[in-house]
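Each chain is listed here by its residues.
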Amino acid sequence: MRTGAAPKIDLRIVSPVHQALRTGVITQGRRLILSGNDAIVRGAIDVGARGYFGYPITPSTEIEEGAARYLLGMGGVFLQTEDEIAAIGAAIGASLAGLKVFTASSGPGISLKQELIGFAAITEVPLVIINVQRAGPSTGGPTDVGQSDVMQARWGTHGDHPIIVIAPNSPQECYEETIRAFNLSERYRMPVIILSDAKVGQMKEPAILPPLASIPIVNRRKPVGSPRDYEPFGLTEDGVPPLAGFGDGFRAHFTGLYHGRNGLPTKDPAMVDEQLRRIHAKLETAEAKADILKTEEFVTDDADVVVVAFGITSRAAKDAVILARQAGIRAGLLRPITLWPSDEVTILRVLGRAKKVIVPELNLGQYGLEIDRLAGHLSPKPQVVGINKVDTALISPADILREIKI
Amino acid sequence: MRIRIGPFMRPAMKKSIWCEGCGLGNMSSIITSALVSTVSKRLEVDPNTREGLERIKNNIAFVSGIGCTSRMPGQLDFNTLHTAHGRSLAFATGIKLARPELTVALAAGDGDIFAIGGNHFIHTARRNIDMTLIVYNNKSYGMTGAQHSPTSPLGEIGTSAPYGVFEPPFNVVNLALGAGATFVAQGALTTSQEHLDQAEALIVAALGHKGFSLVNLIGTCHTGWGARNRRAEAFRYRRYLEEKVMKLESWKALPPDEQGKYFPLGIIHQDDSRPDFQSSKPYLDAIERAKKAVAGTQELLEDITLVEQDPLAVYPRTSVRFAGSGGQGVLTAGETDLYAAFLSGKSGVFIKNYGPEARGGGAYSQVTISDGEIHFPQAENLEVLVALTQEAYDKYRGEVSAQGKIIVNSTAVKEFYGDARVIASPIGDLLAREVRPPKKEQGINVLALALTMGLFNLAPRGSVETAVKKYFSDKNLKMNLRALDVGYKEAERQRGLI
Ligand code: SF4
């Protein structure tokens, strides 16, 4: 670290801001009451996002309203577009022009954005997309909570594509994980999805925003050297090519067609293969995994009943685990904060000790499929049980405790 | 000035995918020439010098969607973007907003821009964003093999209209005008050099116009649509177009029922009086207001010490619900309550109801406070309900625990059903008599909040006062502090009664 630089907080731990306060890395902060949606806007602004394009939809609209309130006055760009597709299209355009951008939506709106999520993935454009999940399918329950976009978040757009999906469970975490989402998006040159939900988005909690100087900010790597040699999809040591902004003097072509290292369309099978594998491989290095994967473990060391839960449901799960511990049951909570890609090593380590694995989620069994897949690698395979609820109410601590006790 | 377009081509893309004889080749040269001459003038550089050439190329963003036409940007050595079907205008909007100094041009086919991209077309025209859209309008989908498009003539044959097109085409010019485009021109790519020169002049004029400009170029697809409509030969198809187009002046002189048979060529509409989106007064005014607003919301850093908690302990929690009608500020009451608790080192969660349920007399905010971390945000039972209206009381009293308390605004709530948990306080009367707000019910939330906090000692009064000062700093603070005082006094009186 350069002398005189403010000490930065470490984003890899569960609540970097709380940890920084605890360890004295920072001693001050801004104390605010924020909803999850407000907190996402604050995180985006603090990490330097200056572009928002969106379309109103419940229960994500506060993100657009927040962006409308702040961005124009900070030299940024805000536009409520004609539809959800235009929102993500304009966001990708603005990102290619050099801005850090985000767009938020929910349910039907996220479905509409899918094609262009794929465009951003194959053209490797940094972009943060927020899905404040509501109950679906279709119009479903616009004000009701749901967690039924788990598989859509991973596989919603057509074709093989890499994606990072982050599932915060509180306003504080919405703030901190939005910062991380932008940093990952810039560092790995790709779209990152924040998979929030109606409850996390709407509930308010006290949040501590750290001093701006303590926030680690990652900006996309820009090309250096002669513009003639610039390869927007070239091979680099870490698999992430540099990205120039339109107008920076490093002209390039961006297309959703299969393209070569120079960005121009290609039909060469070897080049198509190289590029598609590279955009996946850039998330596979040890360093990338350390950056991207993030899982909270709560009393899992000796747990023989493990609850795996994310987002709003993880908060009920934590209460249930505490109550179970008080009743003398060795229960633990495994909470993926990065939902995709799966933190396979951590999950397998914790599941490897468990006799029973409970996956509560507000859908008919989606993340449970992934946990069941991973559990299949273990022998003996632990029992994997889902608690699935789609009646628009939350899964309560009592619902989970009952299953822990069986 | 004739521009040599060779230096603007990407060497690897010299061989295009287009059919021999297609007008797209002409269009590509014309657009390049028009872009280079316009931008070199704008930047005051010479395209024949190396430095001038670089600067011109760097200052152009050329964007497209999907289709034969949309392959054009890939050939040209500008900042180029080949987007998804129909979406080019959306992407270009993002580029132009982020980098206003760039000259942004788009090439599109008729299916791309008027069918799947129709919504973006009308809204970009409406906003008058400064960019130039050049459409190669061959009235069909070429790349997918001669299907009919929104501009295909009635009765002609396409692969998806084997018995003749039976849906009427768009009048593209009227569509653009109706959407508010400030520059609309039409040209044709025929065999005539005059038409090609005119097309280039139209694009130059469009690029020179500050605002959204459309140049609709009537073109051909001899291998696709032409082959199915007895115009399979490129030259003959282009000759055929010459009979379909007409100079604007001559067209205007036609009787109205004749006009529909021909495409007028020229600048059909140009309004330079309307500023483009990013120069428009409402946009610039909004930016100025936003700057002031943002400057006024600086948040100060405070010293913070975290209170350590036992992660495996169960801490008691208290849930308070403020319920009333929409205008009574029950949401702010809850948030102020939560902030006061936060200031005094407690944890808390705020939830609210919303949607139709929250309209009428049953809006609520609910705050759960604890010395320990709160995970599950919902409470099984309420410890305290503050009911400002009869509807709120009737609706939520069932959720209060047997040992809980219900503070009831007895000014509005007349029927208690003999509920022993009720603490009746004439909140409305106290407000009118002792706080005397300028507007009826203003301050009722602060009074009710103070009464609740005072009665149940949920946070020290100092914290409550600081919280009220924060949340009501610009909203009649004096009156609200009066309401706070009256609320605490009422809490004292009620304590005496219990
Ligand atoms: S298919 Fe038609 S529009 Fe496309 S290049 Fe060939 S002639 Fe031109």
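Reading the values: the criteria
- Residues numbered from 1 in each chain as written.
- Chains lettered and ligands numbered in written order.
- Predicted model: local features only at pLDDT ≥ 70, side-chain atom pairs only at ≥ 80, totals over all residues.
- Heavy atoms only, no water.
- Helix = DSSP H or I, 4+ residues; strand = E, 2+ residues; numbered from the N terminus.
- Rg over C-alpha atoms; globule rule 2.2 N^0.38 Å.
- Buried < 20%, exposed > 50% of the residue type's maximum accessible area, 1.4 Å probe, protein only.
- Contact = heavy atoms within 4.5 Å.
- Areas by Shrake-Rupley, 256 points an atom, 1.4 Å probe, with all protein chains shown as cover.
- Phe/Tyr/Trp six-rings, centres within 6.5 Å; stacked < 30°, edge-to-face > 60°.
- Lys NZ or Arg CZ within 6 Å of the ring centre and 35° of its normal.
- Core = buried A, V, L, I, M, F, W, Y, C linked by side-chain atoms within 4.5 Å.
- Domains from an automatic or database assignment.
- Lys, Arg positive; Asp, Glu negative; His and termini not counted.
- Salt bridge = Lys/Arg side-chain N within 4 Å of Asp/Glu carboxyl O.
- Polar contact = N/O pair within 3.5 Å; in protein donor to acceptor, adjacent residues only side chain to side chain.
- Pairing = 2+ DSSP bridges.
- Axes fitted to C-alpha atoms, helices over the stretch in contact; angles between N-to-C directions.
- Buried area = accessible area lost by both parts, 1.4 Å probe.
- Nonpolar A, V, L, I, M, F, W, Y, C, P; charged D, E, K, R; others polar.
- Expected span 1.5 Å × (residues − 1).
- Arc of directions from axis to C-beta.
- Parallel < 35°, antiparallel > 145°, perpendicular 65-115°, else oblique.
- Left-handed = near helix turned anticlockwise from the far one by under 90°.

J.: What is the right way to look at the overall build of chain A in this model?
T.: When you go through chain A residue by residue, the secondary structure sums to 14 helices and 16 strands. The C-alpha radius of gyration of chain A comes to 21 Å, within 12% of the 22 Å expected for a compact globule of 406 residues. Counting only C-alpha atoms and orienting by the principal axes, one finds that chain A spans roughly 70 × 50 × 50 Å. Taking all 406 residues of chain A together, the buried fraction comes to 66%. Counting only contacts in chain A whose residues sit at least 6 apart along the sequence, the fraction spanning at least 24 positions is 77%. Surface summary for chain A: the accessible area is close to 13600 Å², and the carbon and sulfur share equals 53%.

J.: For this particular structure, what's the right way to read the packing of aromatic side chains?
T.: Any aromatic ring pair is given by two values, namely how distant the centres are and how the planes are angled relative to each other. Under the criterion given, the structure shown has 19 aromatic pairs over all chains. Ring centres 5.9 Å apart and planes at 10° place the aromatic pair Y52(A) and F78(A) in the stacked group. With Y52(A) in strand 2 (residues 51-54) and F78(A) in strand 3 (residues 77-80), this pair connects stretches of sequence that are 26 residues apart. Between F119(A) and F91(B), the aromatic rings sit 5.1 Å apart at their centres with planes inclined by 70°, giving edge-to-face as the arrangement. With F119(A) in helix 5 (residues 107-123) and F91(B) in helix 4 (residues 88-98), this residue pair bridges two chains. The same class applies to F119(A) and to F91(B), which are both buried. An aromatic cluster of three or more residues is present, and its members are Y52(A), F78(A), F102(A) and F182(A). One residue, K204(A), lies across the ring of F350(B), its end atom 5.5 Å from the ring centre.

J.: What's the story with the nonpolar core in this structure? I'm lost.
T.: One broad trend across soluble globular proteins is that nonpolar side chains are buried collectively. With 162 residues, the main nonpolar core has F53(A), I92(A), F102(A), L351(A) and L133(B) as its most contacted residues. No other element matches the eight residues that helix 4 (residues 84-96) of chain A contributes to this core. Both domain 1 (6-152 + 162-279) and domain 2 (317-497) of chain B contribute no fewer than three residues apiece to this core. Contacts of L133(B), omitting those with residues within four sequence positions, involve L89(B), L106(B), A108(B), I113(B), F121(B), F212(B), S213(B), L214(B) and V215(B).

J.: Is there a simple way to explain the side chain of R189(A) in this structure?
T.: All names here are of chain A. With respect to the element layout, R189 can be found in the loop between helix 7 (171-188) and strand 8 (191-197). An unpaired buried charge is present at R189: no salt bridge exists, and E124, the closest side chain of opposite charge, is 4.6 Å distant. There is a polar contact of 3.3 Å between the side chain of R189 and the backbone oxygen of P241.

J.: Looking at this model, I keep getting lost on the sheet that holds strand 5 (residues 183-188) of chain B. Mind explaining?
T.: One open sheet accounts for nine strands, arranged 10(A)-2(B)-1(B)-3(B)-4(B)-6(B)-5(B)-8(B)-7(B); its pairing is mixed. The sheet is open, and its two edges are formed by strand 10 (253-255) of chain A together with strand 7 (245-247) of chain B, each paired on a single side. This sheet shows a mean twist of 20° between the axes of neighbouring strands, independent of strand direction. As defined by bridge partners, strand 7 of chain B adjoins strand 8 (residues 263-270) of chain B across three bridges and the pair is classed as parallel. Within the sheet, the bridge partner assigned to V245(B) lies in strand 8 of chain B and is F263(B). In the packing of helix 8 (residues 193-208) of chain B onto the sheet, the strands contacted are strand 3 (103-109), strand 4 (132-137), strand 5, strand 6 (213-218), strand 7 and strand 8 of chain B, and the crossing angle to strand 5 of chain B comes to about 160°.

J.: Explain the interface of chain A and chain B here, please?
T.: Accessible area lost on assembly of the parts is the figure often given for the size of an interface. Across the contact, 78 residues belong to chain A and 72 residues belong to chain B. For the pair chain A and chain B, the summed buried area comes to about 6600 Å², and 62% of that belongs to carbon and sulfur atoms. Scanning the region where chain A abuts chain B turns up nine salt bridges. In this structure, R251(A) and D77(B) form a salt bridge, with 3.0 Å as the shortest nitrogen-oxygen distance. Run the count over chain A and chain B and you get 31 residue pairs in polar contact (both at pLDDT 80 or more). Looking at the side of chain A that touches chain B, the element that brings in the most residues is helix 11 (residues 311-326) of chain A, giving nine residues. Within the side of chain A that touches chain B, the residues separate by chemical class into 41 nonpolar, 19 polar and 18 charged.

J.: What am I meant to see in the sheet that holds strand 13 (residues 331-336) of chain A here?
T.: Two strands in a sheet stick together by hydrogen bonds in their backbones, pointing the same way (parallel) or opposite ways (antiparallel). Residues and elements named next belong to chain A. Spatially, the five strands line up as an open sheet ordered 11-13-12-15-16, and their pairing is mixed. Pairing within the sheet leaves two strands with one partner each, and these edge strands are strand 11 (295-298) and strand 16 (383-388). Averaged over all adjacent pairs, the angle separating strand axes in this sheet is 20°, with direction ignored. The sheet contact formed by strand 11 and strand 13 spans four bridges and is antiparallel. Paired with T295 across the strands is P336, a residue of strand 13.

J.: So what exactly am I meant to see when it comes to the pattern of salt bridges here?
T.: If charged atoms from side chains of opposite charge come close, those side chains can pair. Residue and element names in this part refer to chain A. Taken as a whole, this structure holds 60 salt bridges over all chains when the rule is applied. Its salt-bridge partner being R187, residue D238 comes within 3.2 Å of it at the nearest N-O pair. Taken together, the positions of D238 in the loop between strand 9 (204-209) and strand 10 and R187 in helix 7 put the pair 51 residues apart, joining distant regions of the chain. We classify D238 as buried; its relative accessible area is 18%. When the shortest N-O distance is used, the salt bridge between E403 and K356 registers 2.7 Å.

J.: What is the right way to look at helix 8 of chain B in this model?
T.: Three- or four-residue spacings in an α-helix give side chains the same orientation, since the helix completes a turn every 3.6 residues. Residues and elements named next belong to chain B. For helix 8, which comprises 16 residues, the first-to-last C-alpha distance of 23 Å matches the rise-based estimate of 22 Å (1.5 Å per residue) to within 8%. Here helix 8 has its buried residues at H195, L196, A199, E200, L202, I203, A206 and L207. Down the axis of helix 8, the buried side of the element spans an arc of 155°, and every buried residue falls inside it. Turned more than 90 degrees away from the buried face of helix 8 sit E194 and G208, all of them exposed. Between the side-chain oxygen of the N-cap and the backbone nitrogen of E194 there are 3.3 Å, and the N-cap of helix 8 in question is S192.

J.: Where do I start with the packing of helix 17 (residues 444-456) of chain B against helix 19 (residues 477-497) of chain B in this structure?
T.: Helix-helix packing: each pair is described by the crossing angle between the helix axes and the interaxial distance. All names here are of chain B. Where helix 17 meets helix 19, the closest approach of the two axes is 7 Å, and the angle between their N-to-C directions is 40°. In terms of orientation, helix 17 lies oblique with respect to helix 19. Judged by the twist between their axes, the crossing of helix 17 over helix 19 is right-handed. Contact residues: helix 17 offers V446, L447, A450, L451, M453, G454 and L455, while helix 19 offers N480, A483, L484, V486, G487, Y488, E490, A491, Q494 and R495. By residue class, the composition of the contact of helix 17 with helix 19 is eleven nonpolar, four polar and two charged.

J.: Help me understand unusual backbone geometry in this model?
T.: In this chain, G136(A) is followed by P137(A) through a cis amide linkage whose omega measures 0°. With respect to the helices and strands, the residue P137(A) is situated in the loop between strand 5 (127-135) and strand 6 (141-145). A cis amide bond, omega 5°, links S379(A) with the succeeding residue P380(A). Here P380(A) is to be found in the loop between helix 13 (367-375) and strand 16. Of note, E44(B) is a non-glycine position whose phi angle comes to about 55°, a positive value. Note that E44(B) resides in the loop between helix 1 (23-43) and helix 2 (50-58).

J.: Is there a simple way to think about the domain arrangement of chain B in this case?
T.: We note that the domain assignment places domain 1 (6-152 + 162-279) and domain 2 (317-497) within chain B. Computed from C-alpha coordinates alone, the two centres of domain 1 of chain B and domain 2 of chain B are separated by 63 Å.

J.: Teacher, can you tell me more about the environment of E308(B) here?
T.: Tracing the sequence through the fold places E308(B) in the loop between strand 9 (302-303) and strand 10 (317-324). Residue class for E308(B) comes out exposed when judged on its relative accessible area of 52%. Between the alpha carbons of E308(B) and F263(B) there is a distance of 78 Å; along the sequence they are 45 residues apart. A distance of 3.0 Å separates polar atoms of two side chains, one belonging to E308(B) and the other to R22(A).

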